[in-house]
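Take a look at the letters that make up each chain.
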Amino acid sequence: MSTTTAPERPDPGLSPDHPSLRQPKLPPWAGYAAIGALVVLAALLYFGLGLPMVGAIILAWLVCGLAYPLWSLLVEGSRKATDRLVTIGVLTAFVLALVPLVSIIMKVVAEGAGALSAEFLTYSMRNVIGEEQGGIYHALIGTLLITAGATIISVPIGLFTAIYLVEYARDNRLGHWIRFLVDVMTGIPSIVAGLFAYSLFVALLEPGIRLGVGGSVALSVLMVPVVVRSCEEMLKLVPNELREASYALGVPKWRTVVKVVIPTALAGIVTGITLAIARIIGETAPLLLIAGSTTSTNFNLFDGNMMTLPVFAYSEISSPGMNPELSTERAWGAALVLMIIVMLLNLIARVVSYLFSPKGEK
């Protein structure tokens, strides 16, 4: 009769640092060494071999990005090496996504910072000839008014639609059709929204009409689906227990929505609306069609052409006039101001989300 001996198990009393429980690891400075090797190799390729800077960085990144997991494979084994390889892949994707963003910001700031001045922000282009500077005041006012008009149109429609989809039409056929149409509207090209607004006002008023409110209508076509989707997702995050507790107290559904659901989701709703505004504030094509352009300041959305920052930048580049360099500088300055506005809107969204989020979710 043969007997089998069970394999020895580690003593439960052993500490995690006992030699029999430890796995080989790379030294703590391994990551810094890999980064240092990347910098040194890129410098050698650039200064020594004369490769272009971008090519030297990419080649050094590939070499070090493969050498580091290989080192881990030899020391730590395949499991840890695979984890490090995937980490490097994710970091590479993040850097690739960051490169165009950083380059655009640097380019706009470098080209447009020189145009910023008190005169540039407080003067329009009316009667500007030759070497006169002029400014974007009329375009800035037009952008703010048209965007405010689009917000006034879009927010009630988008919010009420989201409330209907979440609270009243979760599973019915009409709700499914509305969601489908919202998804379709999300992919509508901006020029189609401009054509729609132009056709609408031509049918209602007269051919060749140009109105600031038409630009608001065109932008609202683009903004409504974004507001619907963002508000719908925020309303879905409200726990059903809060609704059920309200119903148990005899509160009608409409009052539950107004007093319980919306206040709970308010931070997310405001954030979604703010980001939707940032999404449409830089549109150019629909405003070219229906809002037109002008060199004067127009405060009336219902009377005549109205200039906006995107159209101003486009006009300065496409029709530079007598001084192309000055026109290009004004275009970059308008782009920088528009980028600053979008950045401020995103910061406002962050602050609102922080201030109105329930405790523990900030």
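Predicted, not measured: the structure shown is a model, and the values here were computed from it.

K.L.:
What should I look at first to understand the overall build of the protein in this one?
P.N.:
Within the protein, the regular secondary structure consists of 14 helices and 0 strands. Helices and strands in the protein line up, N terminus first, as α-α-α-α-α-α-α-α-α-α-α-α-α-α. Here the C-alpha atoms of the protein give a radius of gyration of 29 Å, more than 25% beyond the 21 Å that 2.2 N^0.38 yields for 362 residues. Split into buried and exposed, the 362 residues of the protein put 36% on the buried side. A separation threshold of at least 6 residues defines the contact pool for the protein, and within that pool the share at least 24 residues apart is 68%. Here the protein displays about 21600 Å² of accessible surface, and carbon together with sulfur accounts for 69% of that area.

K.L.:
Teacher, can you tell me more about the packing of helix α2 (residues 53-76) against helix α3 (residues 78-112) here?
P.N.:
Geometry of a packed helix pair, given as the angle between the helix axes and the separation of the axes. The N-to-C vectors of α2 and α3 enclose an angle of 160 degrees; their axes lie 7 Å apart at closest approach. When the axis of α2 is compared with that of α3, the two are roughly antiparallel. You can see that α2 and α3 cross each other, and the crossing is right-handed. Touching Trp61, Gly65, Tyr68, Pro69, Ser72, Leu73 and Glu76 of α2 are Ser78, Lys80, Ala81, Arg84, Leu85, Ile88, Leu91, Thr92 and Val95, all from α3. For the contact of α2 with α3, a count of residues per class yields 9 nonpolar, 4 polar and 3 charged.

K.L.:
Can you help me understand the packing of helix α13 (residues 309-318) against helix α14 (residues 324-356) in this one?
P.N.:
Relative to each other, α13 and α14 sit at 160 degrees, their axes nearing to 8 Å. Our classification of the angle between α13 and α14 gives roughly antiparallel. Here α13 runs over α14; the crossing is left-handed. Where α13 approaches α14, its residues Leu309, Pro310, Phe312, Ala313, Glu316 and Ile317 are matched on the opposing element by Ser327, Thr328, Arg330, Ala331, Ala334, Val337, Leu338 and Ile341. A class-by-class count of the residues in the contact of α13 with α14 yields 10 nonpolar, 2 polar and 2 charged.

K.L.:
I'm lost on a nonpolar patch on the surface in this one. Help?
P.N.:
A cluster of nonpolar side chains, contributed by Leu91, Phe94, Val95, Leu98, Val99, Leu101, Val102, Ile105, Met106 and Val109, occupies part of the molecular surface with about 810 Å² of accessible area. Exposure remark for Leu98: the relative accessible area of 34% places this residue in the partly exposed category.

K.L.:
Would you mind going over the packing of aromatic side chains with me for this structure?
P.N.:
Both the distance between ring centres and the angle between the ring planes are used here to describe each pair of aromatic rings. Applying the stated criterion across every chain yields a total of 3 aromatic pairs. Here the aromatic rings of Tyr46 and Phe47 are separated by 4.7 Å at their centres, their planes lie at 75 degrees, and the arrangement is edge-to-face. You can call Tyr46 partly exposed: its relative accessible area is 32%. Look at Phe47 and you get exposed, because its relative accessible area is 66%. Judged by centre distance (5.9 Å) and plane angle (90 degrees), the ring pair of Trp177 and Phe180 falls under edge-to-face. Separated by 3 residues within a single helix, Trp177 and Phe180 lie in helix α6 (residues 173-186), roughly one turn from each other.

K.L.:
Whenever I open this one, the UniProt feature "transmembrane region" (unreviewed entry) in the protein confuses me. Can you help?
P.N.:
Sequence positions flagged by UniProt for "transmembrane region" (unreviewed entry) are, in local numbering, residues 29-47, 53-73, 85-106, 136-166, 178-203, 209-228, 260-281 and 331-356. Helix makes up 97% of residues 136-166 and strand 0%. Its end C-alpha atoms lie 43 Å apart. This span, residues 331-356, is 100% helix and 0% strand, and a straight line between its end C-alpha atoms measures 38 Å.

K.L.:
How should the side chain of Ser124 be read in this particular structure?
P.N.:
By the secondary structure assignment, Ser124 is in the loop between α4 (118-122) and α5 (137-168). A polar atom in the side chain of Ser124 sits 3.4 Å from the backbone nitrogen of Arg126.

K.L.:
Whenever I open this one, the pattern of salt bridges confuses me. Can you help?
P.N.:
A side chain with one charge can pair with a side chain of the opposite charge if their charged atoms come near. For the structure shown, the criterion picks out 10 salt bridges. Here Arg229 makes a salt bridge to Asp183, at a shortest N to O gap of 2.8 Å. Taken together, the positions of Arg229 in helix α8 (residues 212-236) and Asp183 in helix α6 put the pair 46 residues apart, joining distant regions of the chain. Linked by salt bridges that have partners in common, Arg179, Asp183, Arg229, Glu232, Glu233 and Lys236 make up one network.

K.L.:
Is there a simple way to explain α3 in this structure?
P.N.:
Each turn of an α-helix holds 3.6 residues, which means side chains three or four residues apart point in the same direction. Helix length check: α3 (35 residues) gives 51 Å between terminal C-alpha atoms against 51 Å at 1.5 Å per residue, within 8%. At Leu98, α3 is bent by approximately 25 degrees, the largest bend along its length, and proline Pro100 sits one to four residues beyond. Along α3, the residues classified as buried are Ala81, Arg84, Ile88, Val108 and Gly112. Those residues of α3 that are buried lie in contact with α2 and α14.

K.L.:
Just to check I follow, could you spell out the nonpolar core for this structure?
P.N.:
Soluble globular proteins: nonpolar side chains tend toward being buried together. Counting 55 residues, the largest nonpolar core has Met223, Leu235, Ile273 and Leu309 as the members making the most contacts within it. When contributions to this core are tallied by element, the ones reaching two or more residues are α5, α7 (190-204), α8, α10 (253-264), α11 (266-280), α12 (285-290), α13 and α14. The leading source of residues in this core is α8, at 10 residues. Setting aside chain neighbours within four positions, we find Met223 in contact with Ala150, Thr151, Ser154, Val155, Ile273, Ala276, Ile277 and Ile280. In terms of nonpolar packing, the next biggest core, distinct from the first, is built from 6 residues, Ala42, Ala56, Ala60 and Cys64 among them.

Scoring rules and cut-offs
Residues take numbers from 1 onward in each chain, read along the sequence in its written order. Selection of residues for local features in this predicted model requires a pLDDT of at least 70, selection of side-chain atom pairs for listing and counting requires 80 or more, and totals for whole chains, interfaces and linings are taken over all residues. Only heavy atoms go into the side-chain values, all of them from the structure, while hydrogens and water stay out. For helices the rule is a DSSP run of H or I covering at least 4 residues; for strands it is a run of E covering at least 2, with both sets numbered from the N terminus onward. Just to be clear, the radius of gyration here is over C-alpha atoms, and the globule rule we use is 2.2 Å times residues to the power 0.38. Only protein chains enter the accessibility calculation, which uses a 1.4 Å probe. A residue is then buried if its area is under 20% of the maximum for its type, exposed if over 50%, and partly exposed in between. Note on contacts: a residue pair is in contact if any heavy atoms of the two residues lie within 4.5 Å. All accessibility values rest on the Shrake-Rupley procedure with a 1.4 Å probe; residue burial counts only the protein chains present in the view. Every axis corresponds to a line fitted to the C-alpha atoms, with the helix fit spanning only the stretch in contact, and the corresponding angles, defined between N-to-C directions, vary from 0 to 180 degrees. Angular relationships are summarised with four words: roughly parallel below 35 degrees, roughly antiparallel beyond 145, roughly perpendicular across 65 to 115, and oblique for the angles in between. Each crossing gets its hand from how the near helix is turned against the far one by less than a right angle, where anticlockwise is left-handed and clockwise is right-handed. Under the scheme applied here, ten amino acids are nonpolar (Ala, Val, Leu, Ile, Met, Phe, Trp, Tyr, Cys and Pro), four are charged (Asp, Glu, Lys and Arg), and all others, including Gly, are polar. Patches here are clusters of residues that have more than 30% relative accessible area and form no salt bridge, with a 9 Å joining cutoff for like charges and a 5 Å cutoff for nonpolar side chains (Val, Leu, Ile, Met, Phe, Trp, Tyr). Salt bridge, as used here, is a side-chain nitrogen of Lys or Arg placed within 4 Å of a carboxyl oxygen of Asp or Glu. Two aromatic rings, drawn from Phe, Tyr or Trp (for Trp, its six-membered ring), form a pair once their centres lie within 6.5 Å of each other, and the interplanar angle then sorts them: stacked below 30 degrees, edge-to-face above 60, tilted otherwise. UniProt positions are given in the numbering used here, feature names are shortened, and annotations may be inferred rather than shown by experiment. Any pair of N or O atoms that falls within 3.5 Å is considered a polar contact. Within protein, one atom must be able to donate a hydrogen and the other to accept it, and sequence-neighbouring residues count only if both atoms are side-chain atoms. To estimate how far a helix should extend, the number of its residues minus one is multiplied by 1.5 Å. Take the seven residues that end at a residue and the seven that start at it, fit an axis to each, and the angle between those axes is the bend at that residue. In plain words, nonpolar cores are sets of buried Ala, Val, Leu, Ile, Met, Phe, Trp, Tyr and Cys residues tied together by side-chain atoms within 4.5 Å.

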